[in-house]
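Chain residues, written in single-letter form:
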Amino acid sequence: MLAHRTGIIGLPLRLLAREVYDRVVALRGPSVVALVTGEERIVPPRAAWWVCTVEAMPVDLAAEFLAVDEIQLCADPDRGHIFTDRLLHARGLRETLLLGSDTMRGRIAHLIPGVRFLSRERFSELRYTGPRKISRMPSRSAIVGFSVEDVYAIAELIRRQKGGAAVVMGALSPRTRNAQVALYQNGDVDHLVATDAIGMGLNLDIGHVAFSGLVKFDGRRHRHLSPAELAQIAGRAGRHMADGTFGVTGEASPLDPDVVEAIEEHAFEPIRQLQWRNSALEFGSPRALIASLEAPSGQPDLRRAREADDLLTLRTLAEMPAMRALSGRVETRLLWDVCQVPDFRKVSSQEHATLCARLHEFLRDGRGIPTDWLAAQIRRIDRTEGDIDTLSKRLAYIRTWTYVAQRKAWVDDADHWRGETRAVEDRLSDALHARLTQRFVDRRTSILMRRLKQREGLVATVTENGEVTIDDQFIGRLEGFRFQLDPSASSEEARTLRAAGLAALAPALSLRADKLYNAPDTEIDVTEQGGLMWGEHAIGKLVAGADPLTPRIEPFVEEDADPRVAEKVQRRLGHWVDRKIAALFQPLIALRDDEALVGMARGIAFRLVEALGVLPRAEVADDVKALDQDQRAGLRKHGVRFGQYTIFQPLMLKPAATRLRLVLWSLKEGFDVFPEAPPPGLVTVPAVPGAPAGYYARAGYRLAGDRAIRIDMLERLADMIRGLDARAGFEATADMLSITGLSLDQFAGLMRGMGYAATEGTRPKRRAPKPAEAVQAGPGETPDEVPAGVPDDTPTEVPGEMPAEVPVEEPVESPPAPPAEAPIEPPAEVPVNPPVEEPPAEPVTPAEPPAEPPAPVEPPSEPPAPAEPPMITTEPPAAPPAAEAAEAPLESLEVETFYTFIRAPRQRPARSGHGHGHGRGRNGAEAGGPERRAKPGNREKGERGGPGKGGEHGARPKQGKGKPERGGDQPQRPHRPARPDKPLDPDNPFAALMALKLRE
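Residues numbered from 1 in each chain as written. Predicted model: local features only at pLDDT ≥ 70, side-chain atom pairs only at ≥ 80, totals over all residues. Heavy atoms only, no water.

- Under an unreviewed UniProt entry, the protein has the name Disulfide oxidoreductase and belongs to Amaricoccus solimangrovi.

The following block contains the structure:
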């Protein structure tokens, strides 16, 4: 065409016309190239070459060159009569070129004598590959569907499995179509889903064409595609020198061998008849016009076309009452022009006829279409929100008004309205392209698949918060040394994202492993569940090893990562765990490695190491009895404390050591969920429901009722109670409440849990004396955190006369009830007992210390309910002094509650005869007889049991070397009456000290 000075080319599709127009403009410039379609008209003043759709060709324009593409469409049932009209009547002044299939050769030769035929052989081969699933479709493939629903469904499936597909349909605007084709041509997607519109004019880089079906709806009925139509579409594969293939999807039935052979050999049956409609129209009246349109051709090669949309609209309008009186050439010509407005909306024929009648009503008066009415119609469409279907409908509607705006005589300022409708169409086209891309293209997956396929080096960018991106596409997070996929990724794209992510993260994982290896120990920590943390990221966990002090490391590293990364992480964490255990368990490790310990001391050390530094004394009571003084000294050298209830190392009670001990113990026991350590600094804590056996000892506590008390404070409490008369009964002192941090009621519950009977009583409240000084503990025996208000000291071992190493049978721990923790009352509010004058204790002669310490009272297996407690508070208290009684009336006295705590003796079996002691207890009472009661009025006179000479812990007769040590298994004797004081031995080195104490 460009070889001539002027030319016209008619193309079958608006999309193809726009494509050819752009190519001609690139060669000759926009000032001499015109574009004329039903919805678009660009006609510069000096236009020499015209690119048009076949329907819009200006056949009355004399041009040197005229061409019609896809001339075989003369046989198309819908549009064939228009192509046949161009075949019969459109001519160029110098050259007329009809482009199309060789199946038209016979009909053209018959209708146009003297025509010359030129053939162009296909340079590439086209082969049939059979059915293939969409999921296994090769790249650079086009899948053809014959309905909008099929196209959308296939595109959605490809998006999930292949990363996305471009969508091309005849209903798309050129702008949307070009944008979608660009996605495919640029390689953003490897698949194209289209209707049979790609069979004409779209020259794309397609290697394989697959048919999803072989039946299409042609507007009237469903019919099978002919071999020529299939070949027209399949011919998009390959092109020029590149071979192509075609086939069907798994949902379509295979092609018949005859059809396959016809497509591969380009051998099709010739076209016998062409669609034709009379072009010599009679415009005298609507009826005359209809009759001329229905006139027969008179030739066997030309078959009258079926009723088209414009003729159907004309029939409908002609039946309207307002149109019956219409006559004359001008009015009938106007009516025919209105009926030729395309039905882009495809709502219904009646709806389209109503619109055309309204347009004809406007145009019949000669005023044209009202500007306000047209503006309202366009404004209603000019909205870009909505889904794909909504935007597609708006595009179809705007195409109607774009067609109307092309008619100069119909609207005022046609150029303005062409610009307005074109702008609206562009906005809707962009919005539709965005929706199509958003729905059917996963850019992230498609980009990653293309990079992986091309084996390009993928480089991931990891932000400070761990976000991983590749080519600005977010794919997941790097948490420690594990790659977590984007949770929004579907299951189909997860494999692609993971493969691309791990390939791109290889350098980042290696660098992060080096950073961990050089990181200080302070950046690594262990959780209460055995997890190993680096900052906020979990990078491993502890697993049970050969023994509790040597756990193994399981790093959290991607399985597909470089093995050297996992090895480096495991080695670094192993070094950290070894140093952590060595620092926190140093006393325990030193005890384990001390080769100087032999015999029973070695056994006790082994049991203590096995228990991770905290061992209930009852478990090794017999072994402790068998220790000699040298063996005890060897254990004390390592800080081992022999408490009344527990054998432990005070340094192992620190919060950090306790926390790690619980983790190591849980690993050894194989727990799925590790019990948590109590909050640091608390002396007592509520009982934990469902706590596993051994938990409290490993946590550094002992269960007592519905609370548990820290073992070091329990030993301090035991030291305080040891000097009191637990048989006769005692009250809680301010020091006891202070070290436990409990209210009086809570303390009573604690004592009940320890095997004491707590009897509640009331009495007039007395003025509290000055608080006693807190008991000072020895250095180095205090846990690192103590609650406020509690002396920060650990009880020291009782020297000499009160050793703390004597075993005491522990009370049986019953399952704890659900904790109902009462608020801790400050110790200052607890009533303090009045001062008691205690008789001086008899000094112990250091020259002959007792061979074994006195056996403390063993707690009964069940807390006894004292039938006759030694201290009954139901009697009225002693009257206050007369002066106080006179000043304060009886009803104004405040009443306080107090508890008397008693450890009742275990019942001894009845014996016959008169053995040793003649059935009398240590307090002189007959066995089985009532115990001596202390009168309430004499409480201030020191008659409560105390550490005096006649008390429970007073001096005892010496034992011979051959006599066995009194243990916890021997029955307890009743309290003996106090013996008369002996005169001081002047040779006793403590005589002067005791004399001074008596004088005070």
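1. Notes on the overall build of the protein
- Helix and strand content of the protein: 29 helices and 33 strands.
- Across the 1000 residues that make up the protein, the buried fraction comes to 47%.
- Put simply, of all contacts in the protein between residues at least 6 apart along the chain, 71% involve residues at least 24 apart.
- Of the roughly 50100 Å² of accessible surface on the protein, 52% is carried by carbon and sulfur atoms. (Helix = DSSP H or I, 4+ residues; strand = E, 2+ residues; numbered from the N terminus. Buried < 20%, exposed > 50% of the residue type's maximum accessible area, 1.4 Å probe, protein only. Contact = heavy atoms within 4.5 Å. Areas by Shrake-Rupley, 256 points an atom, 1.4 Å probe, with all protein chains shown as cover.)

2. Some remarks on the pairing of strand β8 (residues 141–144)
- The side-chain alternation of β8 yields two buried faces, one formed by S141 and I143 and the other by A142 and V144.
- Of the pairings in the sheet, the one linking β8 to strand β10 (residues 191–194) comprises four bridges and is parallel in character. By the bridge assignment for β10, S141 is matched with H191.
- Relative to strand β11 (residues 208–211), β8 is paired through four bridges, and the arrangement is parallel. Paired with A142 across the two strands is V209, which belongs to β11. (Pairing = 2+ DSSP bridges.)

3. A short note on the packing of helix α8 (residues 286–293) against helix α9 (residues 309–318)
- Close contact between α8 and α9 brings their axes to 10 Å; oriented N to C, the two are set at 155 degrees. Taken as axis vectors, α8 and α9 run roughly antiparallel relative to one another. Of the two elements, α8 crosses α9, and the hand of that crossing is left-handed. In this structure, α8 contributes P286, L289, I290 and L293 to the contact, and α9 contributes L311, L314, R315 and A318.
- Of the residues in the contact of α8 with α9, the class split is seven nonpolar, no polar and one charged. (Axes fitted to C-alpha atoms, helices over the stretch in contact; angles between N-to-C directions. Parallel < 35°, antiparallel > 145°, perpendicular 65-115°, else oblique. Left-handed = near helix turned anticlockwise from the far one by under 90°. Nonpolar A, V, L, I, M, F, W, Y, C, P; charged D, E, K, R; others polar.)

4. Some details on the nonpolar core
- Counting residues in hydrophobic clusters, the biggest one holds 71 residues, and the most contacted among them are F481, F585 and L635.
- The element that contributes the greatest number of residues to this core is helix α17 (residues 491–517), accounting for eight residues.
- Sequence-distant contacts of F585, defined by excluding residues within four places in its chain, comprise L549, L612, M652, A657, L660, R661 and L664.
- If you look at the next biggest cluster of nonpolar residues, it comprises 61 residues, including A318, L334, W410 and F440. (Core = buried A, V, L, I, M, F, W, Y, C linked by side-chain atoms within 4.5 Å.)

5. Some remarks on the sheet that holds β8
- Read from one edge to the other, the open sheet built from six strands follows the order β7-β14-β11-β8-β10-β9, with strand pairing classed as parallel. Edge positions in the sheet fall to β7 (126–132) and β9 (166–168), since each of these pairs with one other strand and no more. The sheet shows a mean angle of 25 degrees between the axes of neighbouring strands, direction not considered.
- Across six bridges, β7 lies against strand β14 (residues 244–249) in parallel orientation. What sits directly across from G130, in β14, is G247.
- Against the sheet, helix α5 (residues 174–185) contacts β8, β9 and β10, and its axis sits at roughly 140 degrees relative to β9.

6. Re the environment of E619
- Examined against the element boundaries, E619 turns out to sit in the loop between β25 (614–616) and α21 (621–625).
- Taking relative accessible area as the criterion, E619 reaches 44% and is therefore assigned partly exposed.
- Sequence separation of E619 and I647 is 28 residues, and the distance between their C-alpha atoms is 9.8 Å.
- Engagement of the side chain of E619 in a polar contact is seen with the side chain of R607, the distance being 3.4 Å. (Polar contact = N/O pair within 3.5 Å; in protein donor to acceptor, adjacent residues only side chain to side chain.)

7. A closer look at the environment of G187
- With respect to the element layout, G187 can be found in the loop between α5 and β10.
- With relative accessibility at 12%, the residue G187 sits in the buried group.
- Separated by 47 residues in the primary sequence, G187 and R140 have C-alpha atoms spaced 8.8 Å apart.

8. Examining the sheet that holds strand β18 (residues 467–470)
- The strand order across the open sheet built from four strands is β17-β18-β19-β20, with neighbouring strands paired in antiparallel fashion. The open sheet is flanked by β17 (461–462) and β20 (482–485), the only strands paired with a single partner.
- Inspection of the sheet shows β18 paired to strand β19 (residues 473–479) by four bridges, in the antiparallel sense. Residue pairing across strands places T469 opposite F474, the latter belonging to β19.

9. Let's talk about the pattern of salt bridges
- Taken as a whole and assessed by the stated rule, the structure comprises 47 salt bridges.
- E40 is the partner of R422 in a salt bridge, and the nearest nitrogen-oxygen pair spans 2.5 Å. Taken together, the positions of R422 in helix α15 (residues 414–440) and E40 in the loop between β2 (33–36) and β3 (41–42) put the pair 382 residues apart, joining distant regions of the chain.
- A residue is classified by how much of its surface remains accessible, and E40, at 5% relative accessible area, is buried. (Salt bridge = Lys/Arg side-chain N within 4 Å of Asp/Glu carboxyl O.)

10. Re the pairing of β20
- Pairing between β19 and β20: four bridges, direction antiparallel. Looking across to β20, one finds that G476 is bridged to L485.
- Taking the residues that link successive antiparallel strands as the turn, the β19-β20 hairpin has two residues, and the phi of G480 there is positive, at about 70 degrees.

11. Some details on helix α2 (residues 80–89)
- When you tally the buried positions in α2, you get eight out of 10 residues, the bulk of the element.
- Inspection of α2 places G80, H81, I82, F83, T84, D85, R86 and L87 among the buried residues, and these make up the whole buried set.
- Packing partners of the buried residues in α2 comprise β5 (65–68), β6 (95–98), α3 (105–111), β15 (274–276) and β16 (302–304).

12. Digging into the confidence of the model for the protein
- Within the protein, residue pLDDT values average 78, and 75% of them lie at 70 or more.
- Per-element mean pLDDT across the protein ranges from 38 in strand β33 (residues 922–923) up to 96 in β5.
- Low pLDDT, under 50, characterises residues 772–888; the stretch is placed with 246 contacts to residues that sit more than four places away or in other chains.
- Predicted confidence for residues 909–975 stays below pLDDT 50, and this span has 130 contacts to residues more than four positions away or in other chains. (pLDDT = per-residue confidence, 0-100.)

13. What about a negative patch on the surface?
- Together, E149, D150, D387 and D389 make up a negatively charged patch on the protein surface.
- Tracing the backbone through its elements, the reader meets E149 in helix α4 (residues 148–162).
- For E149, a relative accessible area of 58% gives the class exposed. (Patch = residues over 30% accessible without salt bridge, like charges linked within 9 Å, V, L, I, M, F, W, Y side chains within 5 Å. Lys, Arg positive; Asp, Glu negative; His and termini not counted. Charge placed at Lys NZ, Arg CZ, Asp CG, Glu CD.)

14. Side note on the side chain of T313
- Examined against the element boundaries, T313 turns out to sit in helix α9.
- At 2.9 Å, the side chain of T313 and the backbone oxygen of D309 are in polar contact.
- With residues up to four places along the chain from it excluded, the contact list for T313 reads C339, H352, A353 and C356.

15. Focus on the packing of aromatic side chains
- Across all of its chains, the model carries 11 aromatic pairs by this definition.
- Measuring from ring centre to ring centre gives 6.2 Å for F481 and W534, while their planes differ by 15 degrees; the resulting arrangement is stacked. Here the residue F481 occupies a position in the loop between β19 and β20, and W534 occupies one in strand β22 (residues 531–534), the gap between them amounting to 53 residues. Residues F481 and W534 agree in their burial class; the two are buried.
- Each ring, one from F730 and one from Y756, has its centre 5.9 Å from the other, and the planes form 85 degrees; the classification is edge-to-face. With F730 in the loop between α25 (711–722) and α26 (734–740) and Y756 in the loop between α27 (744–753) and β31 (757–764), this pair connects stretches of sequence that are 26 residues apart.
- Take F730: its relative accessible area is 3%, and that puts it in the buried class.
- Pairwise contacts between aromatic rings join F730, F747, Y756, Y899 and F901 into one cluster.
- In this arrangement the basic side chain of R140 is found over the ring face of Y184, its NZ or CZ atom lying 3.9 Å from the centre. (Phe/Tyr/Trp six-rings, centres within 6.5 Å; stacked < 30°, edge-to-face > 60°. Lys NZ or Arg CZ within 6 Å of the ring centre and 35° of its normal.)

16. A short note on the environment of S212
- The residue S212 is located in the loop between β11 and β12 (215–217) in this model.
- Exposure remark for S212: the relative accessible area of 17% places this residue in the buried category.
- Between the C-alpha atom of S212 and that of I154, which follows or precedes it by 58 residues, the distance is 8.7 Å.
- Residues within four places of S212 in sequence aside, it is in contact with I143, V144, G145, I154, T249 and A252.
- For S212, the side chain forms a polar contact with the main-chain oxygen of V144, separated by 2.7 Å.

17. What to know about unusual backbone geometry
- Even without glycine at this site, E70 takes up a positive phi of about 55 degrees.
- Here E70 shows up in the loop between β5 and α2.
- We note that D413 has phi near 55 degrees; this positive angle belongs to a residue other than glycine.
- Counting through the fold element by element, D413 comes out in the loop between α14 (388–405) and α15.

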